Amino acid sequence: MKGIVFTEFLDLVEDKFGLEMVDKIITESQLDSQGIYTSVGTYKFSEMLQLLQHLSANTGITIDDLLLVYAEHFFSVLEDSYPGLLATYKDPIEMLASIENHIHVEVRKIYPDAELPTFIVEEKTKNSLIMIYKSSRAMHHFGLGLMNKTFKHFNSTATIVLEKIKEDGTEVKFIINKN
């Protein structure tokens, strides 16, 4: 997992819960990195999972809800860092439908060894989209949060239903209807 995901996560934890919480979740975790991350480094997903689990345990907030909040933060980072990429799109459905064939292609140019989820478009209309998310990391709520922020970015709203295809969350269907 790319270091920017870790550095931004810890920035969010500090902003929302304080530096003491950052220290606490790092100390409670068994991290090969010892909690020292660079945005361009690559780290084990198990480290992110430990940090999320300890933050959840210390705050009483579910991991899924933490991932939603983190995704909103991370989208803001993308807006600031890659405004040209977002400006390519005029509509949230078009942007979401292009995750696999455009956005992830651009991400791989910046981070060639990034391990990204797969998004398969099953059905697309002007105002709706059905996509299948596949990832061994089961971070579908992170994807959901990014989708929510995509609609906000375009001053739009949507109803997004998440249906687990596999109970462990490694394969999920997103049913998106623009309001």
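Scroll up to find the structure this text is about.
An account of the accompanying structure is given in this report.

What counts as what
Residues numbered from 1 in each chain as written. Predicted model: local features only at pLDDT ≥ 70, side-chain atom pairs only at ≥ 80, totals over all residues. Heavy atoms only, no water. Helix = DSSP H or I, 4+ residues; strand = E, 2+ residues; numbered from the N terminus. Rg over C-alpha atoms; globule rule 2.2 N^0.38 Å. Contact = heavy atoms within 4.5 Å. Core = buried A, V, L, I, M, F, W, Y, C linked by side-chain atoms within 4.5 Å. Buried < 20%, exposed > 50% of the residue type's maximum accessible area, 1.4 Å probe, protein only. Phe/Tyr/Trp six-rings, centres within 6.5 Å; stacked < 30°, edge-to-face > 60°. Pairing = 2+ DSSP bridges.

1. Regarding the overall build of the protein
Turning to step 1, where the next piece is worked out: The helix and strand inventory of the protein stands at 8 helices and 4 strands.
Turning to step 2, where the next piece is worked out: Start at the N end of the protein and walk to the C end: the helices and strands fall as α-α-α-α-α-α-α-β-β-α-β-β.
Turning to step 3, where the next piece is worked out: Taken over the C-alpha trace, the protein has a radius of gyration of 16 Å; the compact-globule value for 179 residues is 16 Å, and the two agree within 12%.
Turning to step 4, where the next piece is worked out: Projected onto the principal axes, the alpha-carbon positions of the protein cover approximately 50 × 35 × 30 Å.
Turning to step 5, where the next piece is worked out: Taking the intrachain contacts of the protein between residues at least 6 apart in sequence as the baseline, contacts between residues at least 24 apart amount to 59%.

2. Let's talk about the nonpolar core
If you look at soluble globular proteins, the nonpolar side chains tend to sit buried side by side.
Turning to step 1, where the next piece is worked out: One finds F9, L51, F174 and I176 to be the most contacted residues of the largest nonpolar core, which totals 50 residues.
Turning to step 2, where the next piece is worked out: Counting residues per element, this core draws most heavily on helix 1 (residues 3–17), at 7 residues.
Turning to step 3, where the next piece is worked out: For F174, the residues in contact, after removing those within four places along its chain, are F119, L129, I130, M131, Y133, H140, L144, M147, I160, V161 and L162.

3. Considerations on the packing of aromatic side chains
Any aromatic ring pair is given by two values, namely how distant the centres are and how the planes are angled relative to each other.
Turning to step 1, where the next piece is worked out: For the structure on display, the rule yields 9 aromatic pairs.
Turning to step 2, where the next piece is worked out: Taking the centre distance of 4.8 Å and the plane angle of 90° together, the rings of Y37 and Y43 count as edge-to-face. Comparing Y37 with Y43, the two get one shared label, buried.
Turning to step 3, where the next piece is worked out: Between Y70 and F142, the aromatic rings sit 5.3 Å apart at their centres with planes inclined by 40°, giving tilted as the arrangement. Residue Y70 is found in helix 4 (residues 63–81), and its partner F142 is found in helix 8 (residues 140–153); the two are separated by 72 residues along the sequence. Of the two residues examined, Y70 and F142, each falls in the buried class.
Turning to step 4, where the next piece is worked out: Grouping aromatic residues by their ring pairs yields a cluster made of F9, Y70, F74 and F142.

4. Examining the pairing of strand 2 (residues 128–134)
Turning to step 1, where the next piece is worked out: When you tally the buried positions in strand 2, you get 6 out of 7 residues, the bulk of the element.
Turning to step 2, where the next piece is worked out: The sheet contact formed by strand 1 (residues 118–124) and strand 2 spans 6 bridges and is antiparallel. Looking across to strand 2, one finds that I120 is bridged to I132.
Turning to step 3, where the next piece is worked out: Counting the residues between successive antiparallel strands, the hairpin from strand 1 to strand 2 contains 3 residues.
Turning to step 4, where the next piece is worked out: Here strand 2 pairs with strand 4 (residues 171–178) via 7 bridges, running antiparallel. By the bridge assignment, M131 is partnered in strand 4 with F174.

5. Observations concerning the environment of T159
Turning to step 1, where the next piece is worked out: The residue T159 is located in strand 3 (residues 158–164) in this model.
Turning to step 2, where the next piece is worked out: Note: C-alpha distance between T159 and I176 (17 residues apart in sequence) is 5.9 Å.
Turning to step 3, where the next piece is worked out: Once residues within four sequence positions are removed from consideration, T159 is found in contact with I175, I176, N177 and N179.

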